[in-house]
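Residue strings, one per chain:
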Amino acid sequence: MTQINFDFGHPSADGVAVLAGELVHVVPTGRFRVGKRIVVRDSFDVRLSETGTATVDVTPTDNTFAYEVTVGESPDAWRFVRCVHDLVKSVMDACHITEYEVVGEPVSGAEFELMRYNHVYLPKEGWVILGDHVTLESGSGCVHTAGGHGVDDFNVCQKYPQIPITVPVDDGGYLTEQAGKYAGQRVWASNKTILADLTAAGAVMGQLHIKHQYPHCWRCHNPIIFRATEQWFCSIAKFREDVYKAIDTVTWMPDWGHDRMHGMVRDRNDWCISRQRTWGVPIPAFYCKKCGAYHITDATIKAVSDLFRKEGSDAWYKYDAEQIIPAGEVCEKCGASEWTKDTDIMDVWFDSGSTHAAVLEERPELRFPADMYMEGGDQFRGWFQSSLLTSVASKGCAPYKSVLCHGWVVDEQGKQMHKSAGNGVEPSEIIKDYGADIIRLWVASSDYTVDVRAGKNIFKQLSEAYRKIRNTARFILGNLDGFDPNTDCVADDQLQDIDRWALAALDDLIVNTNAGYAVYDFNKVYHAVYNFCVVAMSNFYLDVTKDRLYCTNGTGRKAAQTAMYKILVALDKIIAPILCFTSQEIWDFLPKTEAMNKYVVFEDMPKAGQYAADDAFKAKWAQLIAVRDEVKKVLEQARADKQIGASLEASVTLYCNDAVYDLLNSIPMDELADLMIVSHVELVKGEGGAASAVEGLGVAAAHATGDKCERCWKYSADIGTHAAHPTLCARCAAVVEG
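Treat the numbers as computed from the prediction; the structure is a model and nothing was measured.

1. Concerning the overall build of the protein
Phase 1: A tally of helices and strands in the protein yields 23 helices and 28 strands.
Phase 2: Within the span of the protein, comprising 738 residues, buried residues form 45% of the whole.
Phase 3: Counted over contacts in the protein with a minimum sequence separation of 6, partners at least 24 positions apart contribute 70%.
Phase 4: Accessible surface computed for the protein: about 38,400 Å², of which carbon and sulfur atoms make up 51%.

Here it is, written out as structure tokens:
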């Protein structure tokens, strides 16, 4: 086997990884000195001197060309350095070598695979291997490889069984006897010593200080030392297909959770379930003192299980191995019967991933599988996945029926909240200013599947939405004063058309909110409730019915009260899961029937269908509302032209084609006037008035004739017809007289 030489110096390395590209020669002149070593390469026509050759070992490169670089102070003193083609200039620049020449023909880097090399200054041999992790980003294209330190190094060495995995670093971060003369030194401190020895051996071509990202401990903030150590693994590959089937049985919210979990399981072959910590649930394994083989049997597992159930997992640290392991157990490898305990603990995800067994199956009030697992998006690689794996492995099914994933709370600018940044939001401050329900409404109003923003301005804006919902309930409660649902509710056939429309709108609300609650889409519930309260109730129905509520006392008023009572009872039940304090406050003031509970949370959610309207009715009222919107535009113009002030000062003439006339004439004129909130409405067949967006409709507005009733503020020709009430219209006078 051909032997070559590398300028490779760290004692932890067992090989050098290079690319499978092509190598050529570069001839620089300069300051680089090498020890007396000889490179023998049959395919190279290389002039050698006693100064020898070396391969520059800096950082990885990608599939490209590699060159052999020869370095010499004169044509008679050649020194050879091997480097990747695309990195020659950067290497020479880093080493401050300005004069060099590329010579020779390219040679495939793959031809160096499995060659042996001598260490630069230690009595040690290594292997040359090919590594896909070598890139062209920096360095020389050759990188020293220590299979015991680093994921890439370990993985590439797994392809070469002849390369041992050595770990010359102990648990304390000190080099061991395997590091030779460096034994006892801290890993980071030894770098200076090793560099000094490389320099003394004439093996340092140049130095370059770089900044790069490197993992640090989250607690002490010191850099991490990577070591390849013996661990316990669970093979995911052996039951991966069963996991896929279990994933398909789960309802994922949002839907993309299915593909995300599927992809994570697909990309995972093994699960390392052991950790080196001084706290946690111990791994119940024993080791033979004589041969070191591990010992786990059904009997030992049962003994440990019984002990943990009786005294807890801390008993593992309380007793010696011989006090825990059943009598008569012998090592299956050597027959000895003296033991030590495993000092590793379980991966904490294995702990949390076993809660379906420890909780659901141990408590009689619970059941397996769980209805839902709910956590943040990071749990697809954590709790969601570990629970799924342990359950499928032990029971063959998922531990949950559904999984709901949410984002995190961030500040108003979308930044993570930190105490040091001072951008946190204290819930107690929000509660003090707005009440606890505003926080619950904030959650419900947010799309929790992504990060949710929180801040004082956001809560201030949301408080306005809360007030609109609350004030809708307050208005209805105020108009239910004296209303007894046991005696005052009217039959459905006594309701006015607009009352039926309001109840149909309530039915639509019930449909939408029930659908939202069913899939935990609280944002949908919030928007449906808000739009119902603001658009359907406050801006329309409650506004239109004010005249009936304030100025009449007959069946019409009770019809409005009946509709509003049914609306508020259902609305309060709908908002109870979100606005729990507000809903109970409303419930306390609502007049009750005997069947109603004291607490609204004990009521069943309203069911859709009781007040549903057919398509023809909905189409009719959609057209009526469209006509009303056109009338409001004309009234606004009349107000701007100083013809009227309040809308009750107006009289409206509607010019209609046959279809629109029949639609509007189906409503009593007093109800139609109330719908437009004007004193008079006149229907005229034919064209006239201002054109509108409603086909076949023209609108004209003028100041109403007659005098203003000081009670209902409508203009009428019958003001003063009742001698006792000269300033009231006939309707109001009759109401006042009782």
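Having put the structure on the table, let's press on.
2. Side note on the packing of helix 18 (residues 555–575) against helix 19 (residues 580–589)
Phase 1: Look at helix 18 against helix 19: their axes get within 8 Å of each other, and the N-to-C directions meet at 155°. With respect to their mutual orientation, helix 18 and helix 19 come out roughly antiparallel. Note that helix 18 runs across helix 19; the crossing there is left-handed. Across the interface between the two elements, Leu568, Val569, Asp572, Lys573 and Ile575 of helix 18 pack against Ser583, Ile586 and Trp587 of helix 19.
Phase 2: A per-class count over the contact of helix 18 with helix 19 returns five nonpolar, one polar and two charged.

3. Observations regarding unusual backbone geometry
Phase 1: With an omega dihedral of 0°, the bond running from methionine 253 to proline 254 counts as a cis peptide bond.
Phase 2: The topology assignment puts proline 254 in the loop between strand 12 (251–253) and helix 5 (256–266).
Phase 3: The step from phenylalanine 368 to proline 369 runs through a cis peptide bond, and the omega angle for that step is 0°.
Phase 4: When you line up the elements, proline 369 lands in the loop between helix 10 (355–360) and strand 19 (373–376).
Phase 5: With phi around 65°, histidine 221 is a residue other than glycine that occupies positive phi space.
Phase 6: With respect to the helices and strands, the residue histidine 221 is situated in the loop between helix 3 (187–200) and strand 11 (233–235).
Phase 7: Even without a glycine there, the phi angle at tryptophan 713 is positive, about 65°.
Phase 8: Tracing the backbone shows tryptophan 713 in the loop between strand 27 (707–708) and strand 28 (715–716).
Phase 9: Overall, the relative accessible area of 51% leaves tryptophan 713 in the exposed class.

4. With respect to the nonpolar core
Phase 1: Core analysis: the biggest nonpolar cluster contains 92 residues, and Phe532, Tyr541 and Leu654 have the highest contact counts within it.
Phase 2: Excluding residues within four positions of it along the chain, leucine 654 makes contact with Val627, Val631, Leu664, Val681, Glu682, Leu683, Val684, Leu697, Gly698 and Val699.
Phase 3: By size, the runner-up hydrophobic cluster in this structure holds 30 residues, among which are Val265, Phe380, Leu389 and Tyr400.

5. Details of the packing of aromatic side chains
Phase 1: The tally for this structure, following the rule as stated, stands at 21 aromatic pairs.
Phase 2: A centroid spacing of 4.8 Å and a plane angle of 85° characterise the contact between tryptophan 501 and phenylalanine 540, whose relative ring orientation is edge-to-face. Taken together, the positions of tryptophan 501 in helix 15 (residues 497–518) and phenylalanine 540 in helix 16 (residues 522–544) put the pair 39 residues apart, joining distant regions of the chain. Accessibility classification places tryptophan 501 together with phenylalanine 540 in one group, the buried group.
Phase 3: Between the aromatic rings of tyrosine 517 and phenylalanine 522, the centroid separation amounts to 6.2 Å while the plane-to-plane angle is 65°, which identifies the pairing as edge-to-face.
Phase 4: Within the aromatic cluster, the residues linked to one another by ring pairs are Trp252, Trp256, Tyr373, Phe380, Trp383, Phe384 and Tyr400.

6. Examining helix 20 (residues 615–640)
Phase 1: Its 26 residues give helix 20 an end-to-end C-alpha distance of 38 Å, which sits within 8% of 38 Å, the value for a rise of 1.5 Å per residue.
Phase 2: Buried within helix 20 we find Phe617, Trp621, Leu624, Val627, Arg628, Glu630, Val631, Val634, Leu635 and Ala638.
Phase 3: Just past helix 20, the residue lysine 642 takes up positive phi, approximately 65°.

7. Regarding helix 5
Phase 1: Looking at helix 5, one finds that the buried residues are Gly257, Met261, Gly263, Met264 and Val265.
Phase 2: Its buried side turned inward, helix 5 meets helix 4 (240–248), strand 12 and helix 11 (383–395).

8. Observations regarding the packing of helix 14 (residues 456–479) against helix 18
Phase 1: With their axes 10 Å apart at the nearest point, helix 14 and helix 18 run at an angle of 140° to one another. When the interaxial angle is binned, helix 14 and helix 18 end up oblique. For the element pair helix 14 and helix 18, the recorded crossing hand is left-handed. Residues Ala473, Ile476, Leu477 and Asn479 of helix 14 lie in contact with helix 18, whose contacting residues are Arg557, Gln561, Met564 and Leu568.

9. Looking at the sheet that holds strand 20 (residues 402–406)
Phase 1: The three strands lie next to each other as 12-20-19, forming an open sheet whose pairing is parallel. Bordering the open sheet on either side are strand 12 and strand 19, each of which pairs with just one other strand. Adjacent strand axes in the sheet meet at a mean angle of 15°, parallel and antiparallel pairs treated alike.
Phase 2: Relative to strand 20, strand 19 is paired through four bridges, and the arrangement is parallel. Considered in strand 20, the bridge of methionine 374 is made with leucine 404.

10. Some details on the pattern of salt bridges
Phase 1: Under the definition given, this model contains 29 salt bridges.
Phase 2: Here aspartate 171 ties to arginine 227 by a salt bridge, and the two come within 2.7 Å at their closest N and O atoms. Of this pair, aspartate 171 sits in the loop between helix 2 (151–157) and helix 3 while arginine 227 sits in the loop between helix 3 and strand 11, and the two are 56 residues apart along the sequence.
Phase 3: In this structure aspartate 171 comes out as exposed when scored by relative accessible area, which is 73%.
Phase 4: Here arginine 731 ties to aspartate 547 by a salt bridge, and the two come within 2.7 Å at their closest N and O atoms. Residue arginine 731 is located in helix 23 (residues 730–737), and its partner aspartate 547 is located in helix 17 (residues 546–551); the two are separated by 184 residues in the primary sequence.
Phase 5: Arginine 731 gets classed as partly exposed once you look at its relative accessible area, which sits at 30%.
Phase 6: Looking at aspartate 547, the relative accessible area reads 11%, which means it is buried.
Phase 7: Sharing partners across several salt bridges, the network here consists of Asp547, Asp674, Lys714 and Arg731.

11. Notes on the environment of cysteine 288
Phase 1: Residue placement: cysteine 288 occurs in strand 15 (residues 286–288).
Phase 2: Beyond its immediate chain neighbours, meaning those up to four positions away, cysteine 288 contacts Ala293, Cys331, Cys334, Ala336, Glu338 and Trp339.

12. Let's talk about the environment of valine 544
Phase 1: If you trace the backbone, valine 544 turns up in helix 16.
Phase 2: Sequence spacing of valine 544 and isoleucine 498 is 46 residues, and the spatial spacing of their C-alpha atoms is 8.9 Å.
Phase 3: In this structure, valine 544 is in contact with Ile498, Arg628, Asp674 and Leu675, ignoring residues within four places of it in sequence.

13. Things to note about the confidence of the model for the protein
Phase 1: The predicted model of the protein averages 85 in pLDDT, with 87% of residues at 70 or higher.
Phase 2: Between residues 1–9, whose pLDDT stays under 50, and residues either more than four places distant or in other chains, the model counts 52 contacts.

14. Some words on the pairing of strand 23 (residues 650–656)
Note on strand geometry: in a regular strand, side chains alternate between the two faces of the sheet.
Phase 1: Of all seven residues making up strand 23, five are buried, and the element is well covered by its neighbours.
Phase 2: Relative to strand 26 (residues 697–703), strand 23 is paired through seven bridges, and the arrangement is antiparallel. The residue of strand 26 that forms the bridge with leucine 654 is valine 699.
Phase 3: Sheet analysis places strand 23 next to strand 24 (residues 680–685), joined by six bridges and oriented parallel. Counterpart to valine 652 in the pairing with strand 24 is valine 681.

About the cut-offs
- In this convention, every chain numbers its residues from 1, walking through the sequence in written order.
- Given that the model is predicted, a residue must reach a pLDDT of at least 70 before its local features are reported, and side-chain atom pairs must reach 80 or more before they are shown or counted; all residues, however, enter totals for whole chains, interfaces and linings.
- Values shown for side chains rest on all heavy atoms present in the structure; no hydrogens or waters enter the calculation.
- Runs of H or I in DSSP of at least four residues are treated as helices and runs of E of at least two as strands, each being numbered from the N terminus.
- When accessible area is computed with a 1.4 Å probe and restricted to protein chains, residues below 20% of their type maximum are described as buried, those above 50% as exposed, and intermediate ones as partly exposed.
- We call two residues in contact whenever any of their non-hydrogen atoms come within 4.5 Å of each other.
- Accessibility throughout is a Shrake-Rupley quantity obtained with a 1.4 Å probe, and a residue counts as covered only by protein chains that appear here.
- Throughout, an axis means a line fitted to C-alpha atoms (over the contacting stretch in the case of helices), and angles, computed between N-to-C directions, take values from 0 to 180 degrees.
- Here the angle decides the label: under 35 degrees means roughly parallel, over 145 means roughly antiparallel, 65 to 115 means roughly perpendicular, and every other value means oblique.
- Each crossing gets its handedness from the near helix: less than a right angle anticlockwise from the far helix is left-handed, clockwise is right-handed.
- Under the grouping applied here, Gly and all other residues not named as nonpolar or charged are polar, the nonpolar ones being Ala, Val, Leu, Ile, Met, Phe, Trp, Tyr, Cys and Pro and the charged ones Asp, Glu, Lys and Arg.
- By convention a nonpolar core is built from buried Ala, Val, Leu, Ile, Met, Phe, Trp, Tyr and Cys residues, the set being connected through side-chain atoms within 4.5 Å.
- Any pair of Phe, Tyr and Trp rings, taking the six-membered ring for Trp, is counted once the centres come within 6.5 Å. Such a pair is stacked with planes under 30 degrees apart, edge-to-face with planes over 60 apart, and tilted for the rest.
- Helix span, expected: 1.5 Å multiplied by one less than the number of residues in the helix.
- When DSSP finds two or more bridges between a pair of strands, those strands are recorded as paired.
- Any Lys or Arg side-chain nitrogen located within 4 Å of an Asp or Glu carboxyl oxygen qualifies as a salt bridge.
- Confidence of the predictor at the level of single residues is captured by pLDDT, which takes values from 0 to 100.

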